[in-house]
Structures are given as C-alpha cells and as structure tokens.
Amino acid sequence: QVQLVESGGGLAQVGGSLMLSCAASGSIFSLKTMGWYRQAPGKQRELVADITSGGSTTYADSMKGRFTISRENAKNTVYLQMNSLKPEDTAVYYCYLIHDGKNYWGQGTQVTVSS
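Residues numbered from 1 in each chain as written. Predicted model: local features only at pLDDT ≥ 70, side-chain atom pairs only at ≥ 80, totals over all residues. Heavy atoms only, no water.

*Asks:* Which parts of the structure should I look at to understand the pattern of salt bridges?
*Replies:* Opposite charge on two side chains permits pairing when their charged atoms draw close. By the definition in use, this model includes five salt bridges. For Glu72, the salt bridge is made with Lys75, and the minimal N-O distance between the two is 3.9 Å. You can call Glu72 partly exposed: its relative accessible area is 30%. Lys75 sits in the exposed class, given a relative accessible area of 54%. Several salt bridges converge on common partners, so that one network encompasses Arg38, Glu46, Arg66 and Asp89. (Salt bridge = Lys/Arg side-chain N within 4 Å of Asp/Glu carboxyl O. Buried < 20%, exposed > 50% of the residue type's maximum accessible area, 1.4 Å probe, protein only.)

The following block contains the structure:
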C-alpha cells in the first residue's frame, strides 16, 4: 500500500511562483520514481515532470526552464517549484509514484493563475 499526500496548491498571479510538495508513505523500502501530472479545463492530462531514484529528471517542453522537480529522500518527498506562472498553468496537479510497475496517485491539488 502506498499513500501520497500533496500540498502547496492555491492562487498565484501571472509571473508568480508556487511550490508543490508530495510526501509518500506505506510499503516503500527503496527509492522510487515520482513525479507530477496535471489536467487543465478542456485538456487531457499531461506529464509535468518526474524524477527517478537516481535523481534523473524529465520535463515536458512547456515546463522546461520554468519548473523544477526535486526530491528529499529522507522524507520520501518530491517537490515541484513553479516559477514564471502563466494562466495556462491553471490545472489540478497530481502527484504519482511508480512501484512494482504500477502508478499510485495523490488526490490532486488545484493551482490557479490569474492577473
């Protein structure tokens, strides 16, 4: 069993910043790949970023240079630092973890960007 708890969502202005956090707990005895997806109104769910147990990162092109994913291994926590926010970043952001070839998901946290 894996549980993911997200925090940090909310309202930001265009050009502002937010940081999301996701803490994993449960039957995890080694480091796992973790990351973030998002789903905006009227759009399909898309990958934001992920990070492997070894620290290798992957970003969607629209996020590269603005968003940074990192992890704090001692706390089984991943972070998503979001800078230079745009209205199109408005979405529900979902944390995930890959364990034994399966995805586990958080409940999602709303991010809203407005002028």
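*Asks:* Could you clarify how one ought to interpret the nonpolar core in this entry?
*Replies:* General note: in soluble globular proteins, nonpolar side chains tend to be found buried as a group. The biggest cluster of nonpolar side chains holds 29 residues, and the ones touching the most others in it are Trp36, Leu80, Met82 and Tyr93. For Leu80, the contacting residues outside a window of four places in its chain are Leu18, Met19, Leu20, Trp36, Val48, Ala49, Phe67, Thr68, Ile69 and Tyr93. (Core = buried A, V, L, I, M, F, W, Y, C linked by side-chain atoms within 4.5 Å. Contact = heavy atoms within 4.5 Å.)

*Asks:* Would you mind showing me how to read the environment of Asn103 here?
*Replies:* Residue placement: Asn103 occurs in strand S10 (residues 102–105). Of the residues examined, Asn103 reaches a relative accessible area of 41% and is grouped as partly exposed. Asn103 sits 30 residues away from Asn73 along the chain, and the two C-alpha atoms are 19 Å apart. Apart from residues no more than four positions distant in its own chain, Asn103 is found in contact with Tyr96, Leu97 and Ile98. (Helix = DSSP H or I, 4+ residues; strand = E, 2+ residues; numbered from the N terminus.)

*Asks:* How should the side chain of Thr109 be read in this particular structure?
*Replies:* Here Thr109 lies in strand S11 (residues 109–114). A relative accessible area of 12% places Thr109 in the buried class. A polar contact is formed between the side chain of Thr109 and the backbone nitrogen of Gly9, at a distance of 3.4 Å. With residues up to four places along the chain from it excluded, the contact list for Thr109 reads Glu6, Gly9, Leu20, Ala91, Val92 and Tyr93. (Polar contact = N/O pair within 3.5 Å; in protein donor to acceptor, adjacent residues only side chain to side chain.)

*Asks:* Explain the confidence of the model for the protein chain here, please?
*Replies:* The predicted coordinates should not be examined in detail at positions where pLDDT is low. Here the protein chain averages 94 in pLDDT, while 100% of its residues score no lower than 70. Here S10 is the element of the protein chain with the lowest mean pLDDT, 92, and strand S2 (residues 10–13) is the one with the highest, 98. (pLDDT = per-residue confidence, 0-100.)

*Asks:* Sorry if this is basic, but what is going on with the state of the cysteines here?
*Replies:* Here a disulfide denotes a covalent bond joining the sulfur atom of one cysteine to the sulfur atom of another. One pass over the structure, following the stated rule, counts one disulfide. Sulfur-sulfur distance for the disulfide between Cys22 and Cys95 comes to 2.0 Å. On the sign convention where negative means left-handed, the S-S torsion of about -80° between Cys22 and Cys95 marks this disulfide as left-handed. A residue pair is termed long-range when its members are at least 10 positions apart, and Cys22 in strand S3 (residues 18–26) and Cys95 in strand S9 (residues 91–99) qualify at 73 residues. (Disulfide = S-S within 2.5 Å.)

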